[in-house]
Amino acid sequence: MARITAFIIAGLWATALASQPQAEKPKLEKSQFDGQRAMHHIAEQLVQGSREPANIKAKQHTLNYIQQVLSPLSHSIRSQTFNAYGLHGTNLWASIKGQSKSRDKRRIMLGAHWDSRPQADRDADPLLRNHPVIGANDGGSGVAVLLEMARVLAAQPPSITVDLVFFDLEDMGDIDNRPYSIGASQFIVRNPDYRPSAGIIVDMVCDKNLRIPRERHSQTRAPEVMDRLWQIARQQRASGFIDRTGSFINDDHVPFLDAGLKVVDLIQYPFPDYWHSTGDSIDKCSAQSLQQVGNVLSEFIATY
Ligand SMILES: [Zn+2]
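Worth saying up front: this structure is predicted, and the values here are computed from it rather than measured.

Definitions and cut-offs
- Residues numbered from 1 in each chain as written.
- Predicted model: local features only at pLDDT ≥ 70, side-chain atom pairs only at ≥ 80, totals over all residues.
- Heavy atoms only, no water.
- Donors = N, O, S within 2.8 Å, 3.2 Å for Na, K, Ca; no water.
- Tetrahedral: all angles 85-135°; square planar, octahedral: opposite > 155°, others 65-115°.
- Helix = DSSP H or I, 4+ residues; strand = E, 2+ residues; numbered from the N terminus.
- Pairing = 2+ DSSP bridges.
- Axes fitted to C-alpha atoms, helices over the stretch in contact; angles between N-to-C directions.
- Contact = heavy atoms within 4.5 Å.
- Parallel < 35°, antiparallel > 145°, perpendicular 65-115°, else oblique.
- Left-handed = near helix turned anticlockwise from the far one by under 90°.
- Nonpolar A, V, L, I, M, F, W, Y, C, P; charged D, E, K, R; others polar.
- Salt bridge = Lys/Arg side-chain N within 4 Å of Asp/Glu carboxyl O.
- Buried < 20%, exposed > 50% of the residue type's maximum accessible area, 1.4 Å probe, protein only.

*Asks:* Quick question: what am I supposed to make of the coordination of the zinc ion here?
*Replies:* Expected angles at a metal are 109.5 degrees for tetrahedral coordination by four donors and either 90 or 180 degrees for octahedral coordination by six donors. For the zinc ion, the protein coordination sphere consists of D138 (OD), D171 (OD), D171 (OD) and H276 (NE2), at 1.9 to 2.8 Å. Of note is the zinc ion, whose four donor atoms meet at the metal with angles of 51 to 142 degrees in an arrangement that counts as irregular. Summarised as a motif, the one-chain spacing of the donors to the zinc ion is D-x32-D-x104-H. Note that D171 is positioned in the loop between β4 (161-167) and α5 (182-190) and H276 in the loop between β8 (263-267) and α9 (287-302), a separation of 105 residues in sequence.

So, in structure tokens, the structure goes:
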């Protein structure tokens, strides 16, 4: 009797849940990308504040965190330090080896910048413009996607090798005449033999109203990678992928394109109104948006 009652109550409970659309969440397989886990990776990066050059504590915390997540999941992690434009930086490069026994030398690079901007120069309040950007979306979201992808790839190893590269000092552009993408440019200089067959930079992908058009440098110079991504997005009904060509955006893919590598950029545009302001906080992010991006990337890798 007790069991029957429990069964009936469970049934009523299930009916009540089903009548609430927000409760209808598709159940994820363990080896599937999980947007909630990615949200957790964003929160963890923000624990010590912005990852700007002056905030050594926050930078060390995030570096440690990335390495701690990746060390049980990847076959190698390389830390490459550099000095450029009067700054000290660190790029991290983790690899998850492909299972293919053939002589398939192809590899895919996923990249994200792990620093955040030291000046909120787009803040509506002039008094806050010398405050740092916390960078939940601008920086944090891309790193989070890569960290969750590492778990997915380790659970179900891909046939070809995937490199996860975390670039420092992307967001110093136009501050004291520095360029954007210092870390990505340094990575190319220091690894001249690294020639991935395709690459995808992930930046600003957690907004609740996700809108990623086809970034114009990527569409012009690596259309085959972009076409495949948008084909998958269409199949998956990933509504955050907007099928039109957007603007030219300066991001970590540009130095790779200049080096002749097919590396594209997934980035929200127009930028959210809190871009480069003190409002770039985790309450603007959504697990569903991260989920969409993760699903598209998972399929891209699995079918490459
Ligand atoms: Zn930025």
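What follows continues from the structure just given.
*Asks:* Even after reading the chapter, I still don't get the sheet that holds strand β2 (residues 87-96), so can you show me in this structure?
*Replies:* The strands making up a sheet are joined through hydrogen bonds of the backbone, oriented either antiparallel or parallel. Spatially, six strands are ordered β1-β2-β4-β3-β5-β8 in an open sheet, and the strand pairing comes out mixed. What marks the edges here is a single partner per strand, and that holds for β1 (76-84) and β8. Between one strand and the next, the sheet's axes are offset by a mean angle of 20 degrees, whatever the strand orientation. The sheet contact formed by strand β3 (residues 107-113) and strand β5 (residues 198-203) spans four bridges and is parallel. Paired with I108 across the bridge in β5 is A198. With respect to the sheet, helix α3 (residues 56-70) is in contact with β1, β2 and β4, its orientation differing from that of β2 by roughly 10 degrees. Of the strands in this sheet, β3, β4, β5 and β8 touch α9, which is tilted by about 170 degrees from β5.

*Asks:* Whenever I open this one, the packing of helix α7 (residues 223-235) against α9 confuses me. Can you help?
*Replies:* At a minimum axis separation of 9 Å, α7 and α9 run at an interaxial angle of 120 degrees. Our classification of the angle between α7 and α9 gives oblique. Between α7 and α9 the crossing geometry is right-handed. Of the residues in α9, those in contact with V225, R228, L229, I232 and A233 of α7 are V296, L297, E299 and F300. Considered class by class, the residues forming the contact of α7 with α9 number seven nonpolar, no polar and two charged.

*Asks:* So what exactly am I meant to see when it comes to the pattern of salt bridges here?
*Replies:* Any two side chains of opposite charge can pair, given that their charged atoms come close. One pass over the full model with this rule turns up 13 salt bridges. D168 is the partner of K59 in a salt bridge, and the nearest nitrogen-oxygen pair spans 2.6 Å. Within this pair, whereas K59 is found in helix α3, its partner D168 is found in the loop between β4 and α5, the two being separated by 109 residues in sequence. D168 shares its class with K59; the two are buried. Note that K284 is salt-bridged to D283, the shortest N-O span being 3.4 Å. Sharing partners across several salt bridges, the network here consists of R214, D227, R234 and D243.

*Asks:* Honestly, the packing of helix α2 (residues 35-45) against α9 in this entry has me stumped. Any pointers?
*Replies:* The relative placement of two packed helices comes down to the angle between their axes together with the axis-to-axis distance. Closest axis-to-axis distance for the α2/α9 pair is 8 Å, and the angle between their directions is 110 degrees. Of the possible angle classes, the one that applies to α2 and α9 is roughly perpendicular. The chirality of how α2 crosses α9 is right-handed. For the pair formed by α2 and α9, the contact residues are G35, Q36, A38, M39 and I42 on the first element and A287, L290 and Q291 on the second. Class assignment for the residues of the contact of α2 with α9 results in five nonpolar, three polar and no charged.

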